[in-house]
Amino acid sequence: MSSQIHHIHQQLMNKDISCTALVQEKLDLLKQNTNNTVNTLLDTLALDLAAKVDAKIANGETIGLLEGIPFGIKDVYMVQGTYTTASSDLLKNYKSAYTATAIQKLLDAGAIPLVKENCDSFGHGSSSENTIFGAVKNAINPDLVGGGSSGGSAVNVAKDYTVFSIGGDTGGSVRQPAGYNNVYGLKPTYGRISRYGLMAYASSTDCVGPIAKSIEDIRIVLNIMSGKDTKDQTTYASADISQEVISSSENIKTVGYFKNFIETDAIDADIKSDFLATIEKIKAKGIEVKALDFFESETLVSTYYTLAMAETASNLSRLDGTNYGNRIEGDNLKETYSVTRSENFSEESKRRIVGGNQVLSQGFSDEIYLKGLNLRDNISENFEKDFEEVDIIISPVTPSTPPKIGDSLKDPHAMYLSDAYTVGFSLGQLPTLTVPQGTATGLQITAAKHNDELVLKFANFLKDTI
Ligand code: GLN
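Draft legend 1. Spatial organisation of the pattern of salt bridges. Under the defined criterion, the tally for this structure stands at 16 salt bridges. Across the pair D293 and K259 runs a salt bridge, and its minimum N-O distance is 3.0 Å. Residue D293 is found in the loop between β8 (288-292) and α10 (297-315), and its partner K259 is found in helix α8 (residues 259-262); the two are separated by 34 residues along the sequence. The exposure class assigned to D293 is exposed, which follows from its relative accessible area of 55%. K350 is paired through a salt bridge with E347; the nearest N and O atoms lie 3.8 Å apart. Taken together, the residues K350 and E347, both in helix α12 (residues 347-360) and three residues apart, mark about one turn of the helix. A relative accessible area of 57% means that E347 is categorised as exposed. Counted as one network, the salt bridges with shared partners bring together E348, R351 and R352.

Below is the structure:
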């Protein structure tokens with residue numbers, strides 16, 4: 001699919017449509033939708049902004065490329081004055097006091113926010129069922145999950161309720177729902193986009209990530225949101241990625257894939273054969289394809305969950321009902337903390353808080369947490385060596401197709417294992433894009449750190465190759 005942003009921009013400039021009509025149409029679709037993608041509709045704000053865009057056009061003023069383009073926001077981003085619930089009971093009445101940097105940049109460019117989108121509570125999950133707003137239903141088959149944790153965002157894009165949406169990816173939460181709903185989803189290099197105003201899950205891997213229906217729209221939105229931010233010391237300055245540069249695939253000579261991701265009983269037979277067929281098509285274009293060694297999936301998943309749980313236990317400790325959240329009074333302060341957190345966090349979030357505090361506690365931290373940190377270093381070194389040999393690594397997004405609604409809640413361990421192919425790239429902090437091609441749940445394209453441009457370039461090449 002070609003760029004919707006360019007297309008709508010032209011329509012607005014040519015006065016083929018009014019921004020108000022466009023926004024109203026999307027708001028109506030969101031309001032009526034039965035996929036449970038909406039936590040809060042930002043209708044008043046969106047219609048006000050649309051009227052301003054229409055006034056500018058009527059005045060003969062030129063508008064920027066993103067001006068008037070409707071988008072969605074995962075409900076873990078601060079947008080001043082709007083509810084930011086993280087799909088949780090704890091924050092269901094919480095209103096943001098400020099706006100996240102990434103979102104502010106989109107607003108400054110004139111994009112129009114329509115909706116705070118349903119997701120797994122605090123990003124905890126792989127199905128968007130861990131939410132107080134009802135399970136998100138898959139865009140292609142509503143009996144299946146929407147994927148997670150940015151499920152509402154991926155479904156909204158897939159259904160054309162939003163032109164693009166901003167998800168958050170800690171261990172796959174943009175890439176996996178993008179794959180489950182056949183759209184593009186990018187986890188940029190860690191630090192390329194500021195995390196300021198994104199509710200922290202695991203700070204060392206949290207990334208802001210765009211979801212859209214074309215590579216070009218991903219590129220446009222990525223460029224706007226990227227850049228150094230004094231409010232997030234892990235950010236770095238990056239050059240804009242140009243449309244011309246990513247339209248040719250020269251420089252890509254060698255592609256790798258992880259043998260053990262494919263040679264395992266855990267992968268669905270069709271995903272495996274489709275992936276291998278993709279490899280053959282890439283080879284047929286004269287690109288060398290190398291099978292690489294990598295860590296076992298179990299090691300990746302346990303390292304990721306050890307670190308992610310430790311970080312979320314620490315990050316969520318501030319949510320005790322005093323400064324934020326629904327406070328439930330107990331007999332004394334300790335009791336108040338306890339009952340507030342016990343009653344307001346979901347089962348899944350509590351599992352992670354308890355697990356995280358366990359791996360950080362005296363007597364366990366050396367054995368478990370520090371070992372996890374060590375493994376993460378080994379994983380990063382492994383990637384560095386790989387990228388001396390290959391330009392790009394491709395992998396399936398998930399070992400299986402989306403589960404039926406209800407199944408993941410019954411078996412959290414199986415849900416954690418479904419993240420086998422996404423979490424490694426998060427631990428490596430590498431740029432990784434899901435493209436809706438190659439297998440039933442798409443393909444991931446990964447490059448070395450800071451090489452987001454090469455990822456988009458290869459995605460363009462794949463679009464014409466498979
Ligand atoms: N499914 C993974 C988890 O639950 C990833 C979630 C995310 O990226 N926010 O941790």
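Draft legend 2. Fine view of the environment of N460. With respect to the secondary-structure elements, N460 resides in helix α17 (residues 452-465). For N460, a relative accessible area of 15% translates into the label buried. Sequence separation between N460 and S249 is 211 residues; the distance between their C-alpha atoms is 7.7 Å. Contacts of N460, omitting those with residues within four sequence positions, involve I215, I246 and S247.

Draft legend 3. Spatial organisation of the site of the ligand. For the ligand, the set of nearby residues contains 15 residues, the closest of which are T170, G171, S173, Y201 and Y304. The separation between a nitrogen atom of the ligand and a polar side-chain atom of S149 is 3.3 Å. When the free accessible area of the ligand is taken as 290 Å², the share hidden by the protein chains comes to 99%. The cavity where the ligand resides is the second largest cavity.

Definitions and limits used
- Residues numbered from 1 in each chain as written.
- Predicted model: local features only at pLDDT ≥ 70, side-chain atom pairs only at ≥ 80, totals over all residues.
- Heavy atoms only, no water.
- Salt bridge = Lys/Arg side-chain N within 4 Å of Asp/Glu carboxyl O.
- Helix = DSSP H or I, 4+ residues; strand = E, 2+ residues; numbered from the N terminus.
- Buried < 20%, exposed > 50% of the residue type's maximum accessible area, 1.4 Å probe, protein only.
- Contact = heavy atoms within 4.5 Å.
- Near = heavy atom within 4 Å.
- Polar contact = N/O pair within 3.5 Å; in protein donor to acceptor, adjacent residues only side chain to side chain.
- Areas by Shrake-Rupley, 256 points an atom, 1.4 Å probe, with all protein chains shown as cover.
- 1 Å grid on protein atoms, 1.4 Å probe; cavity = no way out; pocket = protein on both sides within 12 Å on 5 of 7 lines; lining within 4 Å.
- Sits in = over half its atoms within 2 Å of the grid points.

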